[in-house]
Amino acid sequence: MLKALKLSLKRRKMETKIIDNFIKDRDLFSFLKKYFLFKQPHYYGHGSFPISFDEKDESSWSKCFYDSPLSLENPLNFFLARKMGIQWKEKCEIKEFYINVQHVGMDGEFHVDKSDVTGVLMMRGKGDFELKDTGIIEFVENRLILFDSHKLHRGHAPRHRDHSPRITVAIKLNSGKNES
């Protein structure tokens, strides 16, 4: 009976959690916005679904955008990842941690992630976030969205050329031990 209860609790889906003004220190948030745009290298070829990316086949390029892995060896990245993870549960494993960069026309596709919970921290730009069964969540700088990774979701690109790139920090979390 106890084993069945544990399995039942483990499979229970979490409610989507939205936290505005996630990084309370405005100077820190301003620093991170500029750092992720101007100092963190971005790599083209990331997609929000299992894409078949071929550098030689230009037709596979159309659904790609930029990403950049964030090293947990960097103390500031580690602090940000733990702060995001703790919003879900005290003990969790950080599976992936990176930024997404989307320009006009680089819409994401609906997909699920291979983790328990996904977090998206909206850093700068325009381009709303969408959970297929829940609807659109407006892009608001410094807004953290935590949701069940198995829900279909996607990020919308900025709509107008005068908008700066949309930058989000993504984290994938599993139940488990702390990374510290």
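Note: the structure precedes this text.
S.K.: Can you walk me through the overall build of the chain in this structure?
M.R.: A count of helices and strands for the chain gives three helices and 10 strands. Listing the helices and strands of the chain from first to last along the sequence gives α-β-α-β-β-α-β-β-β-β-β-β-β. In the chain, the proportion of contacts linking residues at least 24 apart, taken out of those at least 6 apart, comes to 74%.

S.K.: Can you help me understand the environment of phenylalanine 97 in this one?
M.R.: Mapped onto the fold, phenylalanine 97 is located in strand S4 (residues 92-102). For phenylalanine 97, a relative accessible area of 6% translates into the label buried. Counting along the chain gives 25 residues from phenylalanine 97 to leucine 72, while the straight-line C-alpha distance between them is 8.1 Å. Excluding its chain neighbours within four sequence positions, the residues that come into contact with phenylalanine 97 are Pro69, Leu70, Leu72, Asn77, Leu80, Ala81, Met84, Val169, Ala170 and Ile171.

S.K.: Could you clarify how one ought to interpret the side chain of glutamate 130 in this entry?
M.R.: If you trace the backbone, glutamate 130 turns up in strand S6 (residues 129-131). Of the polar contacts made by the side chain of glutamate 130, one reaches the side chain of histidine 156; its length is 2.7 Å. Those residues in contact with glutamate 130 that sit more than four places away from it in its chain are Phe110, Gly135, Ile136, Leu152, His153, Arg154 and His156.

S.K.: In this structure, what is going on with the pairing of strand S5 (residues 117-124)? I would like to understand it.
M.R.: For a regular strand, the rule is simple: side chains alternate between the two faces of the sheet. Here S5 lies mainly inside the structure; eight of its eight residues are buried. Across six bridges, S5 lies against strand S8 (residues 143-148) in antiparallel orientation. Among the inter-strand pairings, glycine 119 is bridged to a residue of S8, identified as leucine 146. Across seven bridges, the pairing between S5 and strand S10 (residues 166-175) is antiparallel. The partner of glycine 119 across the bridge, within S10, is isoleucine 171.

Cut-offs and rules
- Residues numbered from 1 in each chain as written.
- Predicted model: local features only at pLDDT ≥ 70, side-chain atom pairs only at ≥ 80, totals over all residues.
- Heavy atoms only, no water.
- Helix = DSSP H or I, 4+ residues; strand = E, 2+ residues; numbered from the N terminus.
- Contact = heavy atoms within 4.5 Å.
- Buried < 20%, exposed > 50% of the residue type's maximum accessible area, 1.4 Å probe, protein only.
- Polar contact = N/O pair within 3.5 Å; in protein donor to acceptor, adjacent residues only side chain to side chain.
- Pairing = 2+ DSSP bridges.

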